[in-house]
Structure formats: structure tokens, C-alpha cells
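# Close look at the chain arrangement
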Amino acid sequence: MRVAVLVLEGAFDTGLAAVLDTLDTANALADRKSAHFSVSSIGFAQRVRTSQGFAVKLRRAASAKRPDVVIVPALGAKTPETILARISRADVASAGALLRKWRSSGARVAAACTGTFVLAASGLLDGRRATTTWWLAPTMREHFPRALLDDSRMVVDDDGVTTAGAALAHVDLALWLIRRRSPSIARATARHFVFDERPLQSSYVLHDFVTHADPLVERFEQWARAHLAEFSMYAAARSVGASERTLERRLQTVLGKSPVSYVQDLRVERAVHALETTDATVDDVATLVGYRDAVTLRTLLRKKTGRGVRELRDRKGSP
């Protein structure tokens, strides 16, 4: 399989290295030719600098043959303002044109973390399911509303376009590609990295960080945290000074979910904390977060975190 890693100026060092090292490890562990990856790093200059200032030598993208897969690592941007500035550059526009060309001729296009904004800017996420790093999800929803964003997922594939979540999801993305070629090599590579599969990134989200994107949503989040056990949509709307319809519309725009769904996330967050840090029974934790029985909580925990109560209890006291 021919893999091209499209490296743009200011690439995120960890993401770039994670993709290259994961694929290189898979090659080293492969015991048959079908698991081999032929990897090349390409760009629009012979040399670019990463976000940490390291020089990377590249093959010219213009002379590269169409690969089977092209991967766009993240750009070194840590705020909405900086990623929006980065994707307005000329090299990102050139990348978009190349990605569209290669996708139309059959190549799989993939990106992780802020690299997903390069795909969004190219139009390749329009009408497609996708994910991105959770803390920039409100920014993507605002600026690229045609992307069908599910930022709870770690890796999302839709019609030959594959996206992955936050920074270390570069490894998840590389393992996903390896798994398509050889599940056994993917398992061996993950074991060598001591890396556990993480289908969801929802359990890592800092909800109060995300809600800062909108003052009304932030007020709702603060009120909801204080009233999880007796949450009422009517009371929440009155508290933040908005109608229920306005509140629902604003949360859908900023967070991509309804107020009830967001309150479920907050309840799961508090329940996980209680299970990991206290000896409270599951029934007591369910009551604490506003559920009448533990069955509902158990189901929600599995759905939202990918873990059951026993797995969460096993992490109690872990560093």
C-alpha cells in the first residue's frame, strides 16, 4: 500500500512523528508482504519547518504519483483563531486541490486533529460524517456546517475520507489503516506501543472548556451542573434567560447536541468521577446524578465511555 504523508508548514511534531513511527513499526513487525506500507513524506516545498522549528525534507507533491492513502497530520495550532489563520494560507489551498484530485481518482484521504480542518476547507467533509479534536468541534460546526460532525468518535470513515480526533489520535488513525490491511499486525503494533483501543473521545472532553465558545451555552452548563439531580428544561431556560427553543437551537449549533443529550454527558462525567474516586454504590451514584435506577446509568456509561462499571472501578486510585 502506497501512503503519502502530506506535510504542511508548521506541522504538529507529535502527530507527524506518530503517523510515521506507527506505520514504520507495522512494517518492521509484518511477516508477509501484504502488510507492507510504502510511506513517503511529501509537500509543496523541498523543506518545511514543524511547529517546533525542526526542518523536514520532503518530496515535491507535484511530482508524486497518486497514492493509495494520503494522510494530513495536524497543524501546530492550539486555538480556534490560529487554526483558522493556518487554513487560510496558500499551501493549504494547494493541499485542498491536490486532495480533491486524488480522492476523485480513488485515493483514500485521511487527517487527524487540526489536520481535519484542511479537509474541511477543501470541501471534502461536506455531507460526510467526520470527527475532529473535541476542543475545536464548536469552531468546525460554526465555520464548516456542512460537515456531519460526530466529535464523540475517535475515528470516523465515510466514503473514502477518514478523520480522527485529538492529538494522539494520529496513532488511532494509523492503527485503523493498518487494521484494514492486517488486523494481526495492528494488534502487534498496538502492543508494542502499549496502546489501548479508544473508540470514543467523549470521555476525555472537558465540557466547561467547550461551552466557553458561547456565553448562553456556558450559563446553561453552569446551571445544569448545579441541578443534575433535578434537571428541568423549563427551569434551565428560565435561569439563563432564553426560551426553550432558543436554548435548544443554540446548543445544537455550538455543541451539535440537544440540551438533554448534553446533560447526559454531564451526568456521565460526574458518575465516572464518583465511581473512580469514592466507594459509593452504583445505585447511590445513579441517584446523585439524577437517575432513578442503576440500570439506566450502566447503559449510559457503556454507551458514552465504552466502559462498564467494573472497568471504571478498576481505574479507582490509578495515577
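Residues numbered from 1 in each chain as written. Predicted model: local features only at pLDDT ≥ 70, side-chain atom pairs only at ≥ 80, totals over all residues. Heavy atoms only, no water.

An α-helix turns once every 3.6 residues. As a result, residues three or four positions apart point the same way. The end-to-end C-alpha distance of helix α14 (residues 294–305), which contains 12 residues, comes to 16 Å, matching closely the 16 Å that a straight helix rising 1.5 Å per residue would cover. Residues Ala 294, Leu 297, Leu 300, Leu 301, Lys 304 and Thr 305 constitute the buried set of α14. Angular distribution of buried residues about the axis of α14 spans 125°; they occupy a single face of the element. Seen from the buried face of α14, the exposed residues on the opposite side, beyond 90 degrees, are Val 295, Thr 299 and Lys 303. (Helix = DSSP H or I, 4+ residues; strand = E, 2+ residues; numbered from the N terminus. Expected span 1.5 Å × (residues − 1). Buried < 20%, exposed > 50% of the residue type's maximum accessible area, 1.4 Å probe, protein only. Arc of directions from axis to C-beta.)

The next point concerns the side chain of Arg 141. Relative to the assigned elements, Arg 141 resides in helix α5 (residues 137–143). Classification of Arg 141 as buried rests on a relative accessible area of 13%. In contact with Arg 141, not counting residues within four places along its chain, are Leu 149, Asp 151, Gln 252, Thr 253, Val 254, Leu 255 and Gly 256. (Contact = heavy atoms within 4.5 Å.)

A few words now on the pairing of strand β10 (residues 155–158). Pairing analysis gives 4 bridges linking β10 to strand β11 (residues 161–164), with the strands arranged antiparallel. Within β11, the position partnered with Asp 158 by the bridge is Val 161. Between the end of β10 and the start of β11, which pair antiparallel, lie 2 residues, with Asp 159 showing a positive phi angle near 55°. (Pairing = 2+ DSSP bridges.)

Okay, the environment of Phe 12 next. Structurally, Phe 12 can be placed in the loop between β1 (2–6) and α1 (13–29). Looking at Phe 12, the relative accessible area reads 18%, which means it is buried. For the pair formed by Phe 12 and Thr 50, sequence separation is 38 residues and the distance between their alpha carbons is 6.2 Å. Leave out the neighbours within four places in its chain, and Phe 12 touches Ser 51, Ala 74, Leu 75, Gly 76, Ala 167 and His 170.

Further remarks concern the environment of Ala 95. With respect to the helices, strands and loops of the structure, Ala 95 is situated in helix α3 (residues 90–104). A relative accessible area of 0% places Ala 95 in the buried class. Spatially, the C-alpha atom of Ala 95 lies 12 Å from that of Gly 123, the residues being 28 residues apart in sequence. With residues up to four places along the chain from it excluded, the contact list for Ala 95 reads Leu 6, Leu 8, Phe 44 and Val 118.

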